[in-house]
Amino acid sequence: MNTIICPVGTEGSRPDPVAQLHTVRRLVEERYSSEQPLARAALHLIDCATDIVGHLPDGDLDAARGALGSARAAVVSATFAVGRVRDMSAAGADRT
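What counts as what
- Residues numbered from 1 in each chain as written.
- Predicted model: local features only at pLDDT ≥ 70, side-chain atom pairs only at ≥ 80, totals over all residues.
- Heavy atoms only, no water.
- Helix = DSSP H or I, 4+ residues; strand = E, 2+ residues; numbered from the N terminus.
- Contact = heavy atoms within 4.5 Å.
- Areas by Shrake-Rupley, 256 points an atom, 1.4 Å probe, with all protein chains shown as cover.
- Salt bridge = Lys/Arg side-chain N within 4 Å of Asp/Glu carboxyl O.
- Buried < 20%, exposed > 50% of the residue type's maximum accessible area, 1.4 Å probe, protein only.
- Axes fitted to C-alpha atoms, helices over the stretch in contact; angles between N-to-C directions.
- Parallel < 35°, antiparallel > 145°, perpendicular 65-115°, else oblique.
- Nonpolar A, V, L, I, M, F, W, Y, C, P; charged D, E, K, R; others polar.
- Expected span 1.5 Å × (residues − 1).
- Arc of directions from axis to C-beta.

Chemist: Sorry if this is basic, but what is going on with the overall build of the protein chain here?
Modeler: If you tally the helices and strands in the protein chain, you get 3 helices and 0 strands. The secondary structure elements of the protein chain, listed N-terminal to C-terminal, are α-α-α. Sequence-distant contacts in the protein chain: of pairs separated by 6 or more residues, those separated by 24 or more amount to 48%. With the model as given, the accessible surface of the protein chain reaches about 7500 Å², and the carbon-plus-sulfur share is 59%.

Chemist: Whenever I open this one, the pattern of salt bridges confuses me. Can you help?
Modeler: If the charged atoms of two oppositely charged side chains come close together, the side chains can form a pair. Taken as a whole, this structure holds 4 salt bridges when the rule is applied. For Asp87, the salt bridge goes to Arg86, with nearest N and O atoms at 3.7 Å. Overall, Asp87 belongs to the partly exposed group, its relative accessible area being 43%. The structure contains a network of salt bridges with shared partners spanning Arg25, Glu29 and Asp47.

Chemist: What should I look at first to understand the packing of helix H1 (residues 17-31) against helix H2 (residues 37-55) in this one?
Modeler: The axes of two packed helices give the description: the angle between them and the distance between them. Two elements in contact, H1 and H2, have axes separated by 9 Å at closest approach and are oriented at 170°. Taken together, the axes of H1 and H2 are roughly antiparallel relative to one another. Facing H1, whose interface residues are Pro17, Val18, Leu21, His22, Val24, Arg25, Val28 and Glu29, H2 presents Leu43, Ile46, Asp47, Ala49, Thr50, Val53 and Gly54. Here the residues of the contact of H1 with H2 are counted per class, giving 9 nonpolar, 3 polar and 3 charged.

Chemist: So what exactly am I meant to see when it comes to the environment of His22 here?
Modeler: With respect to the helices, strands and loops of the structure, His22 is situated in helix H1. For His22, a relative accessible area of 48% corresponds to the partly exposed category. Distance from His22 to Ile46, taken between C-alpha atoms, is 8.2 Å for residues 24 residues apart in sequence.

Chemist: I keep staring at the side chain of Thr50 and nothing clicks. Help me out?
Modeler: With respect to the helices, strands and loops of the structure, Thr50 is situated in helix H2. Residue Thr50 is classed as buried on the basis of its relative accessible area, which comes to 12%. Ignoring any residue separated from it by four or fewer positions in sequence, one finds Thr50 in contact with Val18, Leu21 and His22.

Chemist: Before we go on, may I ask you to explain H1 in this structure?
Modeler: In an α-helix, one full turn covers 3.6 residues, which means residues spaced three or four apart are oriented alike. The end-to-end C-alpha distance of H1 is 21 Å, a good match for the 21 Å that 15 residues give at a rise of 1.5 Å each. Listed as buried for H1 are Leu21, Leu27 and Val28. Seen from one end, H1 has its buried residues packed into an arc of 120°, which puts them on one side. Here the buried face of H1 lies against H2.

In structure tokens, the structure reads:
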């Protein structure tokens with residue numbers, strides 16, 4: 001398993017979540033080929049999260065709940081995509 005380590009801000013400071021997501025995206029791009037289906041899916045999810053987090057107003061509970069609902073839907077979709085890619089990879093391996 002490949003692990004991506006992302007630096008965290010100093011204790012007591014609140015790291016900027018959008019900046020952290022940009023850092024994670026850069027690390028994924030550096031570590032994995034964008035030709036890999038799972039890497040493309042991960043980059044897409046990071047982009048979606050960045051967009052949502054960047055537009056999420058501080059202290060707006062309703063907006064936060066809406067974003068949480070979107071995040072849950074994204075996780076379900078991503079879980080399905082991972083299973084589908086795994087199944088397709090296994091089917092491709094069986095043909096060779």
